[in-house]
Amino acid sequence: MSPGPARGRTSGADGGTPRRGPVRRWQLVRAGSDAVPPSTRRFMARARQRRMRAALPWAVAAGVLALLGLVAWTILGTGLFGVRAVTVEGAKLVTDVQVRDAVGVADGVPLARVDLAAAARRVGGLAPVERATVSRDWPGTLVVRVTERTAVAVVPQADAFAIVDRSGVAFQTVARRPAGLPLVRVARPAADDPDTRAALDVLGVLTPQLRAELVDLSVQGLARISLRLRGDRTVVWGDATRGTDKARVATALLGEDSDRIDVSAPDVVTFR
């Protein structure tokens, strides 16, 4: 019996030793773009576009935040926009140097980090300054605007004169009495001094005629206020109440030939 044909044997192309194994009847090929259906390609393209559109706002937001972070760091954390100068406006009774020292901000401090309110309070602590504002002028300047106190009276003290404002603050001391300011005699001029406040209340209600004749206003107690007028005349004022009525009555009696006018009770006036 002759042997049957051998399974799984193949002869080499050169007639050599036969190779064993199944015969491969398929072949790998690279698929071209036309191997994917057009509908699938369109679906995939639309999916990519949707992903890009969804990611775009996040990418933009991240870029903006990064930019803002860089700007904030540049302004707040570096001296690129630091204080280079302090400009003072409105100062006459105080010098620019005094104001700059009161501001208390060192050169190079980031302008954005300066506490403007605190700087304004420090400048306002100067006696002649009634109020102050501090603002930024980019890129590196602080602008200080000063409103100084207005003198309303002068108080003699030993060999000098204290100038007070409408609040009773003694904000300046001078060697000579300034012209044009009424002279007030109180023991201790101050904003919290009752005698000083009473004197300023009386000054505030005097008529122009009384002011023109006034030599000085003396407060020896809250109920012992008096005016000394030209010609060595005296107006006994009493306390600071009913000031308008007292001023009206005293003005009406200026033409009388009397050395002493008592308007402490303006309804019952005496003079001699």
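Residues numbered from 1 in each chain as written. Predicted model: local features only at pLDDT ≥ 70, side-chain atom pairs only at ≥ 80, totals over all residues. Heavy atoms only, no water.

## Some remarks on the overall build of the protein chain
What counts is decided by this rule: Strands here mean DSSP runs of E at least two residues long; helices mean DSSP runs of H or I at least four residues long; both are numbered from the N terminus. We call a residue buried when its accessible area falls under 20% of the maximum for its residue type, exposed when it is over 50%, and partly exposed in between, using a 1.4 Å probe and counting protein chains only. For the area figures, the Shrake-Rupley method with a 1.4 Å probe applies, and any residue is considered shielded solely by the protein chains shown.
A tally of helices and strands in the protein chain yields 6 helices and 14 strands. Sorting the 272 residues of the protein chain into buried and exposed places 33% on the buried side. Accessible area of the protein chain: about 17,800 Å², with a carbon and sulfur share of 55%.

## Quick look at the pattern of salt bridges
Which entries qualify depends on this criterion: Any Lys or Arg side-chain nitrogen found within 4 Å of a carboxyl oxygen on Asp or Glu counts as a salt bridge.
Enumeration according to the criterion identifies 11 salt bridges in this entry. The salt bridge partner of aspartate 267 is arginine 242, with a shortest N-O separation of 3.0 Å. Taken together, the residues aspartate 267 in the loop between β13 (260–262) and β14 (270–271) and arginine 242 in the loop between β12 (233–238) and α6 (243–252) connect sequence positions 25 residues apart. Judged by its relative accessible area of 64%, aspartate 267 falls in the exposed class. For arginine 242, a relative accessible area of 40% gives the class partly exposed. A salt bridge links aspartate 245 to arginine 248; its shortest N-O distance comes to 3.7 Å. Pair noted here: aspartate 245 and arginine 248 are both in helix α6, with a separation of 3 residues, about one helical turn. If you follow the salt bridges from partner to partner, you end up with Arg242, Asp245, Arg248 and Asp267 in one network.

## Here we look at the side chain of threonine 207
Put simply, the rule is: Working rule for contacts: check all heavy atoms of both residues, and any pair within 4.5 Å makes them a contact.
Residue placement: threonine 207 occurs in the loop between α4 (194–205) and α5 (208–213). Judged by relative accessible area, which is 19%, threonine 207 ranks as buried. What threonine 207 contacts, discounting residues up to four positions off in sequence, is Ala247 and Thr251.

## Here's the deal with the confidence of the model for the protein chain
Defined as follows: The predictor attaches a confidence to each residue, called pLDDT, with possible values from 0 through 100.
For the protein chain, the average pLDDT comes to 85, and 81% of its residues sit at 70 or higher. Confidence over residues 1–13 falls short of pLDDT 50; this stretch has 11 contacts with residues more than four positions distant or in other chains.

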